[in-house]
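Overview (structure and organization)
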Amino acid sequence: MRVFRKQDEMTVKKLVTYLVLGFVGLFMLLPFLWMLSTSVKPASDVFTSFENPIKAFVPRETQWRNFPRVYDTTRAMGGGFARWYLNSVLVAVVVTLGQVTTSACAAYAFARLRFPGRDKLFLGYLATMMIPGAVTMIPNFILMRKITEWLTVVAPMVDWDASRVVSVFGRTYDAGRLVGLDSYFALAVPAMFSAYGTFMLRQYFLSIPRDLEEAATIDGCGLFRIFTTIILPLSKPALATLTIFTFMGNWQSFYWPLIVLTQDSMKTLPLGLLSFMGLYSTQWSLLMAGSMMMILPMIIVFLVGQKWFISGIQLGALKG
Amino acid sequence: MAQTTRGRTALAGYLFLLPNLLGFLAFTLLPVLASLALSFYAWDLFTSPRFVGLHNFIALMRDRDFWYYAYNTVFLMLAIPVNILGSLLLAVVMNQKLRGIVVFRAMYFLPSIVAGVGTYLLWRWIYNPDYGLINTIIASWFPQWLSDGIRGLGVEWPPQWLTSVTWAKPALMFMSFWTVVGGYNMILYLAALQGVSPELYEAADIDGANAWQRFWAITWPMVSPTTFFVLTMSLIGGLQGGFEQAFVMTRGGPAGATTTISYYIYNHAFTWNHMGYAAAIAWVLFAVVFGVTLVNWRFGGRIVHY
């Protein structure tokens, strides 16, 4: 009798645990299910009172064409969803590549190379990590706002204020200014340098044993080759983590694009979605379909790179 | 020979650092200095900047709106301890050898991954007073006597959520709970719990401790460094936060009830072109963040068990 008791207790405990976990899981997923359910409803079904929430969840008619309709409805807004997707992907890829590259190079310098002023510079990097984004955002905005005026003084032969177009397969597309407000430059370049990324990679590089590099030096390897053939391959986990975090962060980036963009054609997805909401504020099925399309790539990246996420969070917390 | 090697290493060091350093100087260090200088000026971007000394800071201290938005910011931060405690409890439940735990972890983590304009729009719809998910649930499943009781207390019911001065802030706080409870903090707690030696719990079992006692006597002190870390980070984030969700969901309203300090900075800088005043608020915010962090590190050390 007593022998079984412990086992029964374990089973009950497991059952209760699963119940709790399942309940919390439902709480987490319910909003997403609501999003999915709304996104396939006909417009008339959205504004209907249902006698109970379960009926409200199950669409009476499933309208997958809401998704292509998001493209059609927004097309007049500077190209709409397709264009915003393109902008988001473009900016996120360029920023991620730039940030990982410049951070890795700087981190190598800080971790392995001796030069006058190194530690003071590193301290300066650390000190700025605590400064609220709003502090730097204001002068950076002013820079973007005024840079075309300043460049016109310096180099008057170029029309800095003009919006450019590019031709692809005989069709022309708006490409914004070269620099300043409403430019890809403003969207991408200021975001390409990260003190945090440098810090994180430096900590990781420091944990790599030096023996390999010493052996390579004796074999006559230069510093650049050591960097590319030893340090980088050994730091794949940290680089993968930084890549994923930077990409995701940029995909969701909102504040900076909001202040440097005015043209619909230059907008990234979060901004595009916002203007879409401004124009179609009651079309909840279309708005939810748009939101779904925006977050879906993130869910996929997350599911694929989950391992790097979890280890990355723990890596980031080591500074604490 | 040694001299030239050292010189070459130094040169290489500067070259490796250069791209990042240029960006750092141009988009971080110079802007920090520029905004500090700017906070002593009045500038609308059209006329030339006018030096006003400490006027911006003095005006800010007398600015009733600023204090109301500071109060809003602190009010919204009341969600932080609840969120952290929720993450810890969730981590405790998950810290067991169970099948499928990875699936649950992914589920819980999802909201914090996708948090942004997409989910803010979603919650705006969930909070719709007439057709939203929550009020549909309240209308059909909430007991009538309880609704009457709540109304009897003079509380608005069913809540009009984002359009109600009473309910807009709790609505944002509840959304933040959903967003962060299974996110970064929970992962950190899970890692911390996995570092707690099982022998401690076995010893407590032998002493006849119940679950409640085990939690307060072992778990809570053992994870206190993590609590300290996530609390510090959440406070820093909370003080600077609240702009995005308010901008998407409420535009800071109703009647400024969800405007935070960061939103106020946005309005002054980018809606009204008060560059100097906005820079002054940003620097005051920075000072507060710095102060809170400092106090945290000073006094946190005493209550944390390492």
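Considering the overall build of chain B
Helix and strand counts for chain B stand at 16 helices and two strands. Scaling as 2.2 N^0.38, a compact globule of 306 residues should have a C-alpha radius of gyration of about 19 Å, whereas chain B reaches 25 Å, well beyond that. A burial count over chain B gives 53% of its 306 residues as buried. Residue pairs in contact within chain B that sit at least 24 positions apart in sequence constitute 66% of those at least 6 positions apart. Put simply, chain B shows about 14,900 Å² of open surface, and 67% of that area lies on carbon and sulfur atoms. Taken together, the 15 basic and 11 acidic charged side chains of chain B have centroids lying 12 Å from each other.

As for the overall build of chain A
Counting its regular elements, chain A contains 16 helices and two strands. Over its C-alpha atoms chain A spans a radius of gyration of 26 Å, topping by over 25% the 20 Å that the globule rule assigns to 320 residues. Along the longest, intermediate and shortest principal axes, the C-alpha atoms of chain A span 80 × 75 × 40 Å. Per-residue burial over chain A gives 50% buried out of 320 residues.

Side note on the layout of surface pockets
Taken as a whole, the second largest pocket holds about 1,600 Å³ of empty space. Residue lining of the second largest pocket: 39 residues in total, with Lys13(A), Val92(B), Asn95(B), Gln96(B) and Arg214(B) positioned closest to the centre. Sorting the residues of the lining of the second largest pocket by element identifies helix H1 (2-39) and helix H16 (306-317) of chain A together with helix H4 (79-94), helix H5 (101-114), helix H10 (184-194), helix H11 (198-206) and helix H12 (211-222) of chain B as the ones contributing at least two each. For the lining of the second largest pocket, the element with the most residues is H1(A), which contributes eight residues.

Some points on the environment of Val135(A)
Position of Val135(A) relative to the elements: it lies in helix H7 (residues 133-154). Overall, Val135(A) belongs to the buried group, its relative accessible area being 0%.

Focus: the pairing of strand E2 (residues 171-176) of chain A
All names here are of chain A. Looking at chain direction, strand E1 (residues 164-168) and E2 are connected through five bridges and run antiparallel. Across the sheet, Val168 pairs through a bridge with Arg171, a residue of E2. The turn linking E1 back onto E2 is made up of two residues, and Phe169 within it adopts a positive phi angle of 50 degrees.

Some thoughts on the pattern of salt bridges
Residues and elements named next belong to chain A. Inspection of the entire model under this criterion finds eight salt bridges over all chains. Note that Arg118 and Asp119 form a salt bridge whose closest N and O atoms lie 3.3 Å from each other. The exposed category is assigned to Asp119, whose relative accessible area is 54%. The salt bridge partner of Asp264 is Lys267, with a shortest N-O separation of 3.0 Å. Given the relative accessible area of 25%, Asp264 is considered partly exposed.

Considerations on H5(B)
Residue and element names in this part refer to chain B. End to end, H5 covers 21 Å across 14 residues, agreeing with the expected 20 Å (1.5 Å per residue, within 8%). Of all the bends in H5, the greatest, near 30 degrees, is centred on Tyr108, and the proline Pro111 appears no more than four residues after it. Of all 14 residues in H5, 11 are buried; the element is thus mostly enclosed. Along H5, the residues that are buried comprise Ile101, Phe104, Ala106, Met107, Tyr108, Phe109, Leu110, Pro111, Ser112, Ile113 and Val114.

Here's the deal with a nonpolar patch on the surface
Residues and elements named next belong to chain B. Nonpolar side chains collect at one region of the surface, where Leu85, Leu89, Trp212, Trp216 and Trp220 lie side by side and expose about 540 Å² of accessible area between them. Among the secondary structure elements, those contributing two or more residues to the nonpolar patch are H4 and H12. Note on Leu85: relative accessible area 41%, which makes it partly exposed.

A look at the nonpolar core
One recurring pattern in soluble globular proteins is that nonpolar side chains are buried together. Counting residues in hydrophobic clusters, the biggest one holds 155 residues, and the most contacted among them are Ile138(A) and Tyr108(B). Core analysis: the next-biggest nonpolar cluster, separate from the first, contains 35 residues, Ala106(A), Cys221(A), Leu17(B) and Phe24(B) among them.

Side note on the environment of Tyr266(B)
Residue and element names in this part refer to chain B. As for its placement among the helices and strands, Tyr266 is situated in helix H15 (residues 261-271). Overall, Tyr266 belongs to the buried group, its relative accessible area being 10%. Through-space distance from the C-alpha of Tyr266 to that of Phe243 is 8.2 Å; in sequence the pair is 23 residues apart.

A closer look at the confidence of the model for chain A
For chain A, the mean per-residue pLDDT works out to 88, and 96% of the residues sit at or above 70. Mean pLDDT per element in chain A: H16(A) is the minimum at 72, and helix H13 (residues 255-260) of chain A is the maximum at 95.

A look at the side chain of Thr96(A)
Residues and elements named next belong to chain A. Looking at the secondary structure, you find Thr96 in helix H5 (residues 80-112). What makes Thr96 buried here is its relative accessible area of 6%. Sequence-distant contacts of Thr96, defined by excluding residues within four places in its chain, comprise Thr243, Thr246 and Phe247.

With respect to the packing of helix H15 (residues 284-304) of chain A against H5(B)
Remark: H15(A) packs on H5(B), axes separated minimally by 10 Å, with the N-to-C direction vectors making an angle of 135 degrees. In terms of their interaxial angle, H15(A) and H5(B) are classed as oblique. Taken as a pair, H15(A) and H5(B) cross one another with a handedness that is right-handed. Here H15(A) contributes Ile295(A), Met298(A), Ile299(A) and Phe302(A) to the contact with H5(B), which in turn contributes Ala106(B), Phe109(B), Leu110(B), Ile113(B) and Val114(B). Looking at the contact of H15(A) with H5(B) residue by residue, the classes come out as nine nonpolar, no polar and no charged.

Details of unusual backbone geometry
Glycine aside, negative phi is the norm for most residues, and most peptide bonds take the trans geometry. Residue and element names in this part refer to chain B. Across the junction of Trp157 and Pro158, the peptide omega takes the value -5 degrees, indicating a cis bond. Mapped onto the secondary structure, Pro158 falls in the loop between helix H8 (144-152) and helix H9 (168-180). With an omega of -5 degrees, the peptide bond between Gly253 and Pro254 qualifies as cis. Among the structural elements, Pro254 can be located in the loop between helix H14 (243-249) and H15. Positioned with a positive phi, Leu45 is a non-glycine residue whose angle comes to about 80 degrees. With respect to the helices, strands and loops of the structure, Leu45 is situated in the loop between strand E1 (41-42) and strand E2 (50-51). Within the chain, Ala255 stands out as a residue other than glycine whose phi angle is a positive 50 degrees. Here Ala255 lies in the loop between H14 and H15. The exposure class of Ala255 is exposed, given its relative accessible area of 72%.

Considering the side chain of Ser265(A)
Residue and element names in this part refer to chain A. Assignment of secondary structure puts Ser265 in the loop between H13 and helix H14 (269-279). Only 3.0 Å separates the side chain of Ser265 from the side chain of Asp174, close enough to count as a polar contact. If sequence neighbours within four positions are ignored, Ser265 has contacts with Gly78, Arg83, Asn87 and Asp174.

A few points about the interface of chain A and chain B
Opposite the 95 residues of chain A that make contact, chain B presents 94 residues. Surface buried jointly by chain A and chain B totals about 8,300 Å² across both partners, of which 81% is contributed by carbon and sulfur atoms. Remark: the boundary between chain A and chain B carries zero salt bridges. Seen at the junction of chain A and chain B, the total is 14 residue pairs in polar contact (both at pLDDT 80 or more). The dominant element in the side of chain A that touches chain B, judged by the number of residues it contributes, is H1(A), at 17 residues. Each residue belonging to the side of chain A that touches chain B can be placed in one class, and the counts come to 67 nonpolar, 21 polar and seven charged.

What counts and what doesn't
Every chain's residues receive numbers from 1 upward, in the order its sequence appears when written. Chains carry letters and ligands carry numbers; both start at the beginning, A for chains and 1 for ligands, and go up in the order they are written. Only residues with pLDDT of at least 70 are given local features in this predicted model, and only at 80 or more are side-chain atom pairs given and counted; all residues enter the totals for whole chains, interfaces and linings. Calculated side-chain values reflect all of the structure's heavy atoms, with hydrogen atoms and water omitted. A run of H or I in DSSP counts as a helix once it spans at least four residues, and a run of E counts as a strand once it spans at least two, with each numbered from the N terminus. C-alpha atoms define the radius of gyration in this analysis, and the globule rule sets the expected value at 2.2 Å times the number of residues to the power 0.38. In this scheme, a residue with accessible area under 20% of its type's maximum is buried, one over 50% is exposed, and one in between is partly exposed, where area comes from a 1.4 Å probe on protein chains only. Contacts are residue-level and defined by heavy atoms, with any inter-residue pair within 4.5 Å sufficient. Only the protein chains shown count as cover for residues, with accessible areas throughout obtained via the Shrake-Rupley method and a probe of 1.4 Å. Positive charges come from Lys and Arg, negative ones from Asp and Glu, while His and the chain ends are left out of the count. Taken as the charge centre is NZ of Lys, CZ of Arg, CG of Asp or CD of Glu, depending on the residue. Using a grid of 1 Å spacing that covers the protein atoms alone, one calls a set of points a cavity when a 1.4 Å probe fits there but cannot get out, and a pocket when the set is open and has protein on both sides within 12 Å along at least five of seven lines; lining residues are those with an atom within 4 Å of a point. Grid points are joined across faces, edges and corners, and a volume is the space filled by probe spheres set on the points. Each pair of strands is called paired provided DSSP finds at least two bridges between the two strands. Throughout this description, the term salt bridge denotes a Lys or Arg side-chain nitrogen within 4 Å of a carboxyl oxygen of Asp or Glu. An expected span of 1.5 Å times one less than the residue number is assigned to each helix. Note on bend: the value at a residue is the angle between axes fitted to the seven residues ending there and to the seven starting there. Note that patches include only residues with greater than 30% relative accessible area and no salt bridge, and the join distances are 9 Å for like charges and 5 Å for nonpolar side chains (Val, Leu, Ile, Met, Phe, Trp, Tyr). Here, nonpolar core means buried Ala, Val, Leu, Ile, Met, Phe, Trp, Tyr and Cys residues that are tied together by side-chain atoms lying within 4.5 Å of each other. Scored from 0 to 100, pLDDT reflects the predictor's confidence in each residue. Axes here mean lines fitted to C-alpha atoms, for a helix over just the part in contact, with angles spanning 0 to 180 degrees between N-to-C directions. The labels follow the angle: roughly parallel below 35 degrees, roughly antiparallel above 145, roughly perpendicular from 65 to 115, and oblique for the rest. In this scheme the crossing of two helices becomes right-handed for a clockwise turn of the near helix relative to the far one and left-handed for an anticlockwise turn of less than a right angle. Gly falls in the polar group here, along with every residue not listed as nonpolar (Ala, Val, Leu, Ile, Met, Phe, Trp, Tyr, Cys, Pro) or charged (Asp, Glu, Lys, Arg). Polar contacts, as counted here, are pairs of nitrogen or oxygen atoms within 3.5 Å of one another; within protein the pair requires one atom able to donate a hydrogen and one able to accept it, and residues that are adjacent in sequence qualify only if both atoms are side-chain atoms. Here the quantity called buried area is the accessible surface, traced with a 1.4 Å probe, that two parts lose on coming together, added over both.

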